[in-house]
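Analysis of the macromolecular model
Below, each chain spelled out in residue letters.
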Amino acid sequence: MIPEEDLNILNDFIQESQLMVREILPMVKQLLATPDQEDLLMRVANNGYRLFHSIRGTGSFFRLEHLIAPAEAMESLLEGARSNPCILSVSHIALIAEACTFTEQGLALVAREKSDQRLIAAAGALRSAILDLLHAQIIQGGEQADGANIAPEMREAFVQESQRLLDGAEQEFVLWDFIAIDHQRVGELCRVLHRLKQNFALYECSDFERLCMALESTLSRYIQGEFFQTEYPERVFLRCIDVMRDSLARYDLVGKLEIADLAEHLTAVQGLIRQPLGALLIEAGLVDPRTVDDALSLQRSAPEDLPRRLGEVLVAMGEVTEEQVEHVLKQQQWRRDQVAHAETKLAGIAPPAPTSPAPGSLLPREVKVDGQILDRMASVVQQMAAMPLPQGLEPCVRELEHLIRSCSQASFQEMAQQLRRVVHDYAVEFNKRVRFSVESIEFQRHELDLSRLTNLLVPLLRNAVQHGAEQTDERTVIGKKKNCRVSLSALRHENEIWVSVEDDGMGFDLKKIAKFCFDQGLIDRGDLSRITAVKLLQIFLHNEHCLGDASAVDAARCTGLARVRTILQDCNGKMDIWSRPGKGARITLRFPRSS
């Protein structure tokens, strides 16, 4: 219900919106009779966009989710028609008329009941119809723009802004497990994609615009209460981000902005949303939303020993025939097959992951900022600020201080974002479920060389995911949470900075490590019964033959540790290991503090 103090604002909104609807409806009806009037097409596109943009914006303030659901979809459909109204077909015009009628009736309902709950079924069906037409228009779209109309002086700014927005979207998709339950944050992600779409539309980069539009509309449907068919929708989202970023990276080389296999990417995104039978029957014009609601009520009230599918209930009610239900189900399966075909093709063209990647090679972009150098620069500027300076130089010194702080913060955020993506990609590669967190390391960033640190952390994070984390079913059997926890943290200890990668996975097999150390003569038989896990791991870690020996326990994992130890030696660092079988492991890198 709308709060009492907002009712006057609500009434004004309803009255203004009703006037806009009454203004546009006659034009739409005239277009249905004579759809080739270009001037009228333009007026309908512009007026319709303003109407549905207003409904979406103000309606969201009152949380009228069902009233604004079709308006949001129609706004996306009409946005492109404003610059090219000729794309509006008779099907488009009919949907615009239906959306206007729905909005007019919905506004009257909200005025009476101060709620839009009774619009839920009709809103969902209309919104699905609009989005289906929109996606069909996207997939069957015209010629692809190649970005050739971007002036050379504007190209750098365009690419930088696009990359910035792609980075922001990527960061949220990597954190999807955390943000999916926060619809407000998902809404902010939709706005990032909307700005990205506008940036591409400005330069007529149609491939990018279409893909962003599909991503935005799919997330909007999720916010409105629809469900994903897959447990990992973020993998499809991130693949779209990657293909756009790769195309931008090749822009200077090929001089074109186009997306390979665009239709498959669009089909995969469109197929993320589950399509219930009731919505498909409404879309096919076989039943109306009220009938589906009645059938769902009967289905819920049926005895538990007599479960019936929705289609069976509608057949028993005499609303549809078995043949009609079967036909719709075949259409539903056909759509699923199309999505599966697109996924298979995209998986087939994906570059295979390297079996032994070089340190940091999986980072999407290189981190080049040295925190220690930034700290020294800050110290020099602070000394300048303490000196008596000419009045004209004081603003310059303050600006330098601000720039150094901003650069330091940005470098850390970039590193953290890239490491989150690395962990996500490893989780996908090794079919693990992982929650990755970065804790406290920001406070130590001034004393760390971030470029070198990333090269040290990548093999440790790979080990944690590939060898530390158990498969989901294994974790469930032993009573652990489905997601393995991997964390990156840092602290200052006396004259050292400690950076740790920790997981709650299976840990190292201490019995095998003890046997290996005994066979190598590193410990005697008496030590086997009394040596502590920490001491055993330190012996294993710091012996020259252990980590490099291919016959060692956890050979692949130890290869990563050997690589890290080699890099550490160049910066006077040390490495410690803690592990408990079945409980996890922690690798700690110890760096001397900068003087």
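Residues numbered from 1 in each chain as written. Predicted model: local features only at pLDDT ≥ 70, side-chain atom pairs only at ≥ 80, totals over all residues. Heavy atoms only, no water.

Interhelical geometry of helix α9 (residues 206-223) versus helix α10 (residues 233-249) gives an angle of 160° and a closest axis separation of 11 Å. The pairing of α9 with α10 is recorded here as roughly antiparallel in orientation. Considering how the two elements wind past one another, α9 and α10 form a crossing that is left-handed. Contacts between α9 and α10 pair F208, L211, C212, L215, T218 and L219 from the former with F237, C240, V243, M244, S247 and L248 from the latter. (Axes fitted to C-alpha atoms, helices over the stretch in contact; angles between N-to-C directions. Helix = DSSP H or I, 4+ residues; strand = E, 2+ residues; numbered from the N terminus. Parallel < 35°, antiparallel > 145°, perpendicular 65-115°, else oblique. Left-handed = near helix turned anticlockwise from the far one by under 90°. Contact = heavy atoms within 4.5 Å.)

As a further point, take the pattern of salt bridges. Throughout the structure, instances matching the rule amount to 25 salt bridges. One salt bridge in this structure joins R164 and E161, with 2.7 Å as the shortest N-O distance. Taken together, the residues R164 and E161, both in helix α6 (residues 152-174) and three residues apart, mark about one turn of the helix. Here the salt bridges share partners, and the residues they tie into one network are D167, E170, D242, R245, R421 and D425. (Salt bridge = Lys/Arg side-chain N within 4 Å of Asp/Glu carboxyl O.)

Our focus in this paragraph is the sheet that holds strand β5 (residues 584-592). The five strands are arranged β1-β2-β3-β5-β4 in an open sheet whose pairing can be described as mixed. Two strands bound the open sheet, and with one partner strand each, they are β1 (434-439) and β4 (574-580). When strand polarity is set aside, the average angle formed by the axes of neighbouring strands in this sheet is 15°. (Pairing = 2+ DSSP bridges.)

Buried residues dominate β5, accounting for seven of its nine residues. As judged from the eight bridges shared by strand β3 (residues 496-503) and β5, these two strands associate in the antiparallel manner. Residue pairing in the sheet places E496 in a bridge with P592 of β5. Sheet topology places β4 next to β5; seven bridges connect them, and they run antiparallel. Within β5, the position partnered with S579 by the bridge is A585. (Buried < 20%, exposed > 50% of the residue type's maximum accessible area, 1.4 Å probe, protein only.)

Our next topic: α10. The end-to-end C-alpha distance of α10 is 25 Å, a good match for the 24 Å that 17 residues give at a rise of 1.5 Å each. Within α10, twelve of the 17 residues are buried, which leaves the element mostly enclosed by the surrounding structure. Inspection of α10 places P233, E234, V236, F237, L238, C240, I241, V243, M244, R245, S247 and L248 among the buried residues, and these make up the whole buried set. (Expected span 1.5 Å × (residues − 1).)

Moving on, we get to the packing of aromatic side chains. Scanning all chains against the criterion turns up ten aromatic pairs. A centroid spacing of 5.7 Å and a plane angle of 50° characterise the contact between W176 and Y222, whose relative ring orientation is tilted. Here W176 is found in helix α7 (residues 176-179), whereas its partner Y222 is found in helix α9, with 46 residues between them in sequence. For the pair W176 and Y222, one class covers both residues: buried. Where W176 meets F228, the ring centres are 6.1 Å apart and the plane angle is 65°; that geometry is what we call edge-to-face. Residue W176 is found in helix α7, and its partner F228 is found in the loop between α9 and α10; the two are separated by 52 residues along the sequence. The exposure classification of W176 matches that of F228, with both residues buried. An aromatic cluster of three or more residues is present, and its members are F173, W176, Y222, F228 and F237. In this structure, R235 packs its charged tip against the face of Y232, placed 3.9 Å from the ring centre. (Phe/Tyr/Trp six-rings, centres within 6.5 Å; stacked < 30°, edge-to-face > 60°. Lys NZ or Arg CZ within 6 Å of the ring centre and 35° of its normal.)

Over its 18 residues, α9 runs 26 Å from end to end, which matches the ideal 26 Å to within 8%, given 1.5 Å per residue. Buried residues dominate α9, accounting for 17 of its 18 residues. Immediately beyond the C-terminal end of α9, within one or two residues, lies G225, with a positive phi of roughly 110°.

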